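# Fold and contact review
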Amino acid sequence: MPPFLQEILDLTFHAFHGLETSLHILLFSIVAAFAVRNISSRSISGLIVASLFSFMTRPDALAYVIPVWAVLFLYAETKVTRKHIFLGFAVFATMLIAYSLLKWQYFGYPVPNTYYIKNGSRLVGFSYVKDYLMKFGPLWVLLAYLAGQNGLIVLLQDKIFMLLFLPAIVFCLAYIKPSPILAQEYRFLIPTLPVFFLATFRALTLAQAGQSENHWSSAEVNGIYVSALVVVSMVMSFSLWKQYDNYNKYFDAIQSRLVSTGTALELAKHFPSPPPVLATGDVGAIPYFSGLPTIDIIGLTDETVAHKGLSHSYLQKVSPDLYILQNLYLTTPDASTDGAITDYCMMIADELQCLDMDSYRTIVADAERRHSGRGSTFQVFTMPIFSQEYQYLAQFAFGKDTYFFFIRKDYVYRGELAAIIEAETRT
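Figured I'd write up the structure that's included with this text. (Residues numbered from 1 in each chain as written. Predicted model: local features only at pLDDT ≥ 70, side-chain atom pairs only at ≥ 80, totals over all residues. Heavy atoms only, no water.)

## A short note on the pairing of strand 7 (residues 390-398)
What counts here: Two strands form a pair only when DSSP identifies at least two bridges running between them. Under the DSSP-based scheme used, a helix requires at least four consecutive residues in state H or I and a strand at least two consecutive residues in state E, with every element numbered from the N terminus.
The pairing of strand 7 with strand 8 (residues 401-408) spans eight bridges and is classified as antiparallel. The residue of strand 8 that forms the bridge with Gln391 is Ile407. What sits between strand 7 and strand 8 in their antiparallel hairpin is a turn of two residues, with Gly399 showing a positive phi close to 65°.

## Here's the deal with the state of the cysteines
Heads up, the rule is: Any two cysteine sulfur atoms within 2.5 Å of one another count as a disulfide. Partly exposed describes any residue whose relative accessible area lies between the buried limit of under 20% and the exposed limit of over 50%, with all areas from a 1.4 Å probe on protein chains only and scaled to the type maximum.
All told, the structure shown has one disulfide when counted by the stated rule. Note on cysteine connectivity: Cys345 is disulfide-linked to Cys354, with sulfurs 1.7 Å apart. Negative torsions about the S-S bond denote left-handed disulfides, and the value of about 105° found for Cys345 with Cys354 makes this one right-handed. For Cys354, a relative accessible area of 7% puts it in the buried group.

## Examining the sheet that holds strand 4 (residues 330-331)
What counts is decided by this rule: In what follows, a contact means two residues having at least one pair of non-hydrogen atoms within 4.5 Å. All axes are obtained by fitting lines to C-alpha atoms, using only the stretch in contact for helices, and the reported angles, taken between N-to-C directions, cover 0 to 180 degrees.
Spatially, 4-6-5 is the arrangement adopted by the three strands of the open sheet, whose pairing is antiparallel. Of all strands in the sheet, those with a lone pairing partner are strand 4 and strand 5 (345-348), marking the two edges. Along the sheet face, helix 17 (residues 373-381) touches strand 4, strand 5 and strand 6 (351-355) and points at about 100° away from the line of strand 5.

## Observations regarding the packing of aromatic side chains
Rules: When two rings of Phe, Tyr or Trp (its six-membered ring) have centres within 6.5 Å they constitute a pair, described as stacked for plane angles under 30 degrees, edge-to-face for angles over 60, and tilted for the intermediate range. Both a distance and an angle decide whether a charge sits over a ring: NZ of Lys or CZ of Arg must be within 6 Å of the ring centre and within 35 degrees of the ring normal.
One pass over the full model with this rule turns up 33 aromatic pairs. For the pair Phe107 and Tyr109, a centre-to-centre distance of 6.4 Å together with 40° between the ring planes defines the contact as tilted. Between Trp140 and Phe196, the ring centres sit 5.3 Å apart and the planes meet at 90°, which makes this aromatic pair edge-to-face. With a gap of 56 residues between them, Trp140 in helix 8 (residues 137-150) and Phe196 in helix 11 (residues 193-209) connect regions that are remote in the sequence. An aromatic cluster of at least three residues, connected via ring pairs, comprises Tyr132, Phe136, Trp140, Phe161, Phe165, Phe196 and Phe197. Over the aromatic face of Phe73 sits the side chain of Arg82, whose NZ or CZ is 5.3 Å from the ring centroid.

## Looking at helix 19 (residues 414-426)
Which entries qualify depends on this criterion: An expected span of 1.5 Å times one less than the residue number is assigned to each helix. The directions considered for the arc run from the helix axis to the C-beta atoms.
For helix 19, with 13 residues, the first-to-last C-alpha span of 18 Å sits near the 18 Å given by 1.5 Å per residue. Listed in full, the buried residues belonging to helix 19 are Leu417, Ala418, Ile420, Ile421, Glu424 and Thr425. Along the long axis of helix 19, the arc covered by the buried residues comes to 160°, so they all point the same way.

## A closer look at the side chain of Ser51
Filter applied, for reference: Pairs of N or O atoms within 3.5 Å make up the polar contacts considered here, provided that, within protein, one atom can donate a hydrogen while the other can accept it, and that residues adjacent in sequence are counted only when both atoms are side-chain atoms.
One can find Ser51 in helix 3 (residues 41-57). Accessibility expressed as a relative area gives 0% for Ser51, which makes it buried. Within the local environment of Ser51, its side chain forms a polar contact with the backbone oxygen of Leu47, the two atoms lying 2.7 Å apart. Not counting residues up to four positions away in its chain, the partners in contact with Ser51 are Val31, Val65, Trp69 and Phe92.

Structure follows, in structure tokens:
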């Protein structure tokens, strides 16, 4: 398969992986479809259901559906229509509150762990949103031209255009503050892509409907629109095509390393009680295929880490039997250490290695709440007891990173578990 076509598949995987992203795209489209219809009891009911399902799929949908309701209300042609829209929104809000309270009662908190681990300080997501919107450059140029053709006021007064364009922009801007952790290839913003395309098409139809002899022909404007779509698609794909080799190795490594390691560790699940407790930041293939009880040290699936951060006291309380750490950066101690093993040093691969503090200087102040591979590894390795209670076992390369295995010295089946890992990492 040509690299460019393969890269499109990789883009699809990274942008749409996870069922919630695909559902988000579908539900956003359904919300837009009901919103642009003529106001009726059926369209309002459909919009209520689609809005609620969008929130149930991922809570960030509120940044999209609330502007949709607001535009409908502001652009209502009669007081009766505005009243129906208001009542519809009230029903949606009531159902939303009831669902949220039930979920809060069941889970113990109102929104998923992802909200808490992405609750960044300042505008940490600004670059993430900016880079995504810049990929639409050709569409913005075309929209600027169409605004000139129509007159900007025509676009602002058109309910359908505003229903498509404004909620999509608000949704993107809502991601300026959250930290874009686990947001590979714009997977959180990608639901707006078809909506932006449709908004531009609406502006195009308005220009064609109001064109005069001085305007470009319909064929010419259609050609510009199609060209803009093609260029946007090519720009998005080309930005990933440059990374083709890395992605190719990445998919191979998932199968050959992560899946293989998880399958091998499944043997440990059948040890006489207790089975080993695994702690890692990569809670995908290895925990899934091994079936071992797992502590997520980044926090996506761990309520304590997500809400309170990864503290030393929590790590000591759960006392995992096996750590698999990523983003571990080490250095050989200099003469000033006199060869002494400190809390941040231990024997790794028969050589004394220490934590490279320069690699962590940007996260030291709030490593506990970083919710990243670098932050969680720093917290684990700097535990006062880590070098005394754990020993290095093995490592393997995964992409540009290296995964390090550390086993608790007093684990009952340390020898058996070590044998599994050493056999796996030798291959």
